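Summary of the model geometry
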Amino acid sequence: MKTGFRFNMSVLHTWAGLLLSGLLFAIFWTGTLSVFDKEIDRWMMPQTRINMDTAPKLSVDRDIVPLLNTLSEGATAWSIVLPSERKPFLALGYDTKESHIAKRNSFHPVTLEQLPASNTRGASRFIYPFHHNLTLRKGNIGAWLVGVASIGMLCLLVSGIVIHRRLFTDFFSFRVWRSFSRGNLDAHNLTGVVLLPFTLVITLSGLMIAHLIYFPKAPDAVYEQMHPQAAVHTQKTPAKEITRSRQKIDSKSKAPKAKEGAGNSPARRRFIGESQGRVTPKASGEFATITSIDPLITATEEELGHGAVYMVRVSNPTDAEGVIALRLSGDKSVAQNMDNRRFSVATGAELEHFESSSVTNVFNFLAGMHYVQFDHWPLRWFYFVAGLGGCVLIATGLLHWTQARNQKHDGTRFSISFMNVHNLSAVMGIIIATGAFLVANRLFNNSVQFAGVLVRDLEVYVFFSVWMCCLFHGVIRVLINKRSGYIKAWTEQCWAVAFIAIAAVLLNWLTTGDHIIKTLFTDAYWPVATIDLLLISSAALAIFAARKLSANLELNIGS
């Protein structure tokens, strides 16, 4: 019996891969698509396809403040997100005294007409959330599953390095034309070696930026040491009194609830406020007319560069103690920028600005490196290609395990048949489901409801239903023929990828008029053209794979 450290690492690599690779593929696939989430949004939300090259610069004082005064009488806060290349529309949000839930609307940056509501979640509100919580938000179950899978990925990477005897040699080996099993293993080794720094960093940073989910009590422990009396008071005070006191504690550093994680304790709220610079100043009750905002933006951009301000947040816009916060853009740096400049609503005088601490800047750099929202298109494409490489790494690892055993046992064992179905649904299932998500979006064409169901929900139902159908299709094919049924299933699902991808491109043309010739040449709009080109490339690759699999199936049947 084999023993030793390398053998144990090999066992760990095998079992971690078998147990977690399906989940890891889904995470890497949706993470890769999230690199271009804003561009997918433009494809799925035709009303937001606006060319910023012809849009004049908006004046906050002349164009936006009067609009907000009309829409949000009595609002306690305004938020103005200025148009940008990747989000080419004006986004306005405002709170009211009647509701703490902010109303948010989008407006055309030239005509200032309100854009029709986007009755879709798009990529930014479905594909991206799926990447980090699998849309299982209750109790953060999805985020914990992603965390477990991420730790498993780190184990796979480290154990893969240990068991890899020819790390340098395989860097130059890719014998794709010799045989499927040889080419598959070479692809697995090559992507594992070449993308090792990327996969390590992207996995580790994903774990680190979710620290408040995995360690929700960390802020309480830190602030208990810094403010022990306040911590004791919080622990011993009855729940009703805590609720009242939370509205008074540290109002200057009060922050909204985090989207993820446990309920906010005073320490957690203070931590978020201090790290992100969000403030809600107390109103004085004394009326004041809001000062001119344009000069404040101009002065800030003269100091920090054109486009440095991406968001204007006004707290208590008609109060003498109101605050204007100019949030600074992070497009020009890897790190997420939490800094903001603050001014008095009444006088425009500079108040104490917020600048992130050194520790927070380290976290912001890790978060920015993971989220890749900065304006650097070559690096964005590198992330996309590397993400696809990570998907190839995971898929080829799964196929390597099943291919060897299919040849040895003809796929007759239950464990092998199970993994054949698992691999098919884990890899092809989510790819086909993503295509179906896009097709459903264009078929419903921004309708509000269909058959009594909200379209934004129906698109998600289509995604999961098609994914489940791919699973059932694999089960049926393997049950009919355990020896070669899985090959036929892979072939048919490759054809399905090609059909759905071409259907999505055609439906985009039919429902919006934005065909590939128009978006590339006559009226260039790269976000939509890029998505169409990627869909066409996916169809071509799927057809090539389907033909190769058909030829392999004929050889198997002939033998």
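Quick notes on the rules
- Residues numbered from 1 in each chain as written.
- Predicted model: local features only at pLDDT ≥ 70, side-chain atom pairs only at ≥ 80, totals over all residues.
- Heavy atoms only, no water.
- Helix = DSSP H or I, 4+ residues; strand = E, 2+ residues; numbered from the N terminus.
- Buried < 20%, exposed > 50% of the residue type's maximum accessible area, 1.4 Å probe, protein only.
- Contact = heavy atoms within 4.5 Å.
- Areas by Shrake-Rupley, 256 points an atom, 1.4 Å probe, with all protein chains shown as cover.
- Pairing = 2+ DSSP bridges.
- pLDDT = per-residue confidence, 0-100.
- Expected span 1.5 Å × (residues − 1).
- Phe/Tyr/Trp six-rings, centres within 6.5 Å; stacked < 30°, edge-to-face > 60°.
- Lys NZ or Arg CZ within 6 Å of the ring centre and 35° of its normal.
- Core = buried A, V, L, I, M, F, W, Y, C linked by side-chain atoms within 4.5 Å.
- 1 Å grid on protein atoms, 1.4 Å probe; cavity = no way out; pocket = protein on both sides within 12 Å on 5 of 7 lines; lining within 4 Å.
- Points joined across faces, edges and corners; volume = space filled by probe spheres on them.
- Nonpolar A, V, L, I, M, F, W, Y, C, P; charged D, E, K, R; others polar.
- Axes fitted to C-alpha atoms, helices over the stretch in contact; angles between N-to-C directions.
- Patch = residues over 30% accessible without salt bridge, like charges linked within 9 Å, V, L, I, M, F, W, Y side chains within 5 Å.
- Salt bridge = Lys/Arg side-chain N within 4 Å of Asp/Glu carboxyl O.

Scanning the protein for helices and strands turns up 20 helices and 8 strands. Put simply, the protein has 559 residues, and 49% of those count as buried. Residue pairs in contact within the protein that sit at least 24 positions apart in sequence constitute 66% of those at least 6 positions apart. When the accessible surface of the protein is summed, it comes to about 29,000 Å², and 63% of that surface belongs to carbon and sulfur atoms.

Before going further, it helps to examine the pairing of strand E4 (residues 309-315). Looking down a regular strand, the side chains alternate between one sheet face and the other. Among the 7 residues that make up E4, 5 are buried, leaving the element largely enclosed by the rest of the structure. Where strand E1 (residues 77-81) and E4 come together, 5 bridges link them in antiparallel fashion. Bridging from a neighbouring strand, Ala-77 pairs with Ser-315 of E4. Bridging between E4 and strand E5 (residues 323-328) involves 6 bridges; their strand directions are antiparallel.

With that out of the way, let us pick up the confidence of the model for the protein. Scored by pLDDT, the protein has a mean of 87; 87% of the residues are at 70 or more. In this model residues 230-262 is a low-confidence stretch, pLDDT under 50, and it forms 43 contacts with partners more than four residues away in sequence or in other chains.

All right, on to the side chain of Thr-300 then. Along the chain, Thr-300 turns up in helix H13 (residues 294-304). Using a relative accessible area of 3% as the deciding quantity, one classes Thr-300 as buried. When residues no more than four places from it in sequence are discounted, the contact partners of Thr-300 are Gly-305, Val-309, Leu-326, Leu-328, Arg-341 and Phe-343.

Position of Ser-205 among the secondary structure elements: in helix H7 (residues 196-208). Judged by relative accessible area, Ser-205 falls into the buried class, the value being 2%.

The next point concerns H7. Between its first and last C-alpha, H7 extends 18 Å over 13 residues, near the 18 Å set by a 1.5 Å rise per residue. Turning to H7, its buried residues number three or more, namely Leu-196, Phe-198, Thr-199, Ile-202, Thr-203, Ser-205, Gly-206 and Leu-207. Considering only its buried residues, H7 is in contact with helix H1 (5-34), helix H5 (141-163), helix H6 (180-194), helix H8 (211-214), helix H14 (358-371) and helix H15 (377-409).

Another point: the packing of aromatic side chains. Under the defined criterion, the tally for this structure stands at 21 aromatic pairs. With centroids separated by 6.2 Å and ring planes inclined at 40 degrees, the aromatic side chains of Phe-130 and Phe-464 adopt a geometry described as tilted. Note that Phe-130 is positioned in helix H4 (residues 123-133) and Phe-464 in helix H17 (residues 455-480), a separation of 334 residues in sequence. When its relative accessible area of 5% is taken as the criterion, Phe-130 is described as buried. The interplanar angle of 85 degrees and the centroid separation of 5.6 Å between the aromatic rings of Trp-381 and Phe-384 together place this pair among those described as edge-to-face. In this pair, Trp-381 and Phe-384 are both assigned in helix H15, 3 residues apart and thus about one turn of the helix distant. Phe-384 gets classed as buried once you look at its relative accessible area, which sits at 8%. An aromatic cluster is built from Phe-126, Phe-130, Phe-437, Phe-463, Phe-464 and Trp-467, whose rings are joined through pairwise contacts. Above the ring of Trp-377, the side-chain terminus of Arg-380 is found at 5.1 Å from the ring centroid.

Let us look at the nonpolar core. Ranked by size, the top nonpolar core spans 77 residues in total, and within it Phe-25, Trp-43, Phe-130, Ile-430, Phe-463, Trp-490 and Leu-535 carry the most contacts. Among the elements that take part in this core, helix H18 (residues 485-512) stands out by supplying 13 residues, more than any other. Once residues lying within four places of it in the same chain are set aside, the contact partners of Phe-130 are Ala-26, Thr-30, Thr-135, Ile-430, Phe-463, Phe-464 and Trp-467. Counting 26 residues, the second-largest nonpolar core is a separate cluster that includes Val-60, Leu-82, Leu-90 and Phe-343.

A few words on empty space enclosed by the protein. Taken as a whole and judged by the stated rule, the model has 3 cavities of 30 Å³ or more. Of the pockets and cavities examined, the second largest cavity occupies roughly 40 Å³. In this structure, the second largest cavity is lined by Met-44, Pro-46, Asn-119, Thr-120, Asn-441, Arg-442, Phe-444, Asn-445, Asn-446, Val-455 and Glu-459. Looking at the lining of the second largest cavity, the elements with two or more residues in it are helix H16 (414-444) and H17. Ranked by residue count, the leading element in the lining of the second largest cavity is H16, at 3 residues. Of the residues contributing to the lining of the second largest cavity, the split by class is 4 nonpolar, 5 polar and 2 charged.

Take the sheet that holds strand E2 (residues 90-95) next. With respect to topology, 6 strands assemble into an open sheet ordered E3-E2-E1-E4-E5-E6, the strand pairing being antiparallel. A single partner strand is all that each edge strand has here, and the edge strands are strand E3 (103-107) and strand E6 (340-344). If you compare each strand with its neighbour and ignore which way they point, the axes differ by 15 degrees on average. Contacting E4, E5 and E6, H13 runs over the sheet at an angle of about 35 degrees to E5.

On to a nonpolar patch on the surface. On the surface, a cluster of nonpolar side chains totalling about 570 Å² of accessible area is made up of Ile-502, Leu-506, Trp-509, Trp-526, Leu-533 and Ile-536. Mapped onto the fold, Trp-526 is located in helix H20 (residues 526-558).

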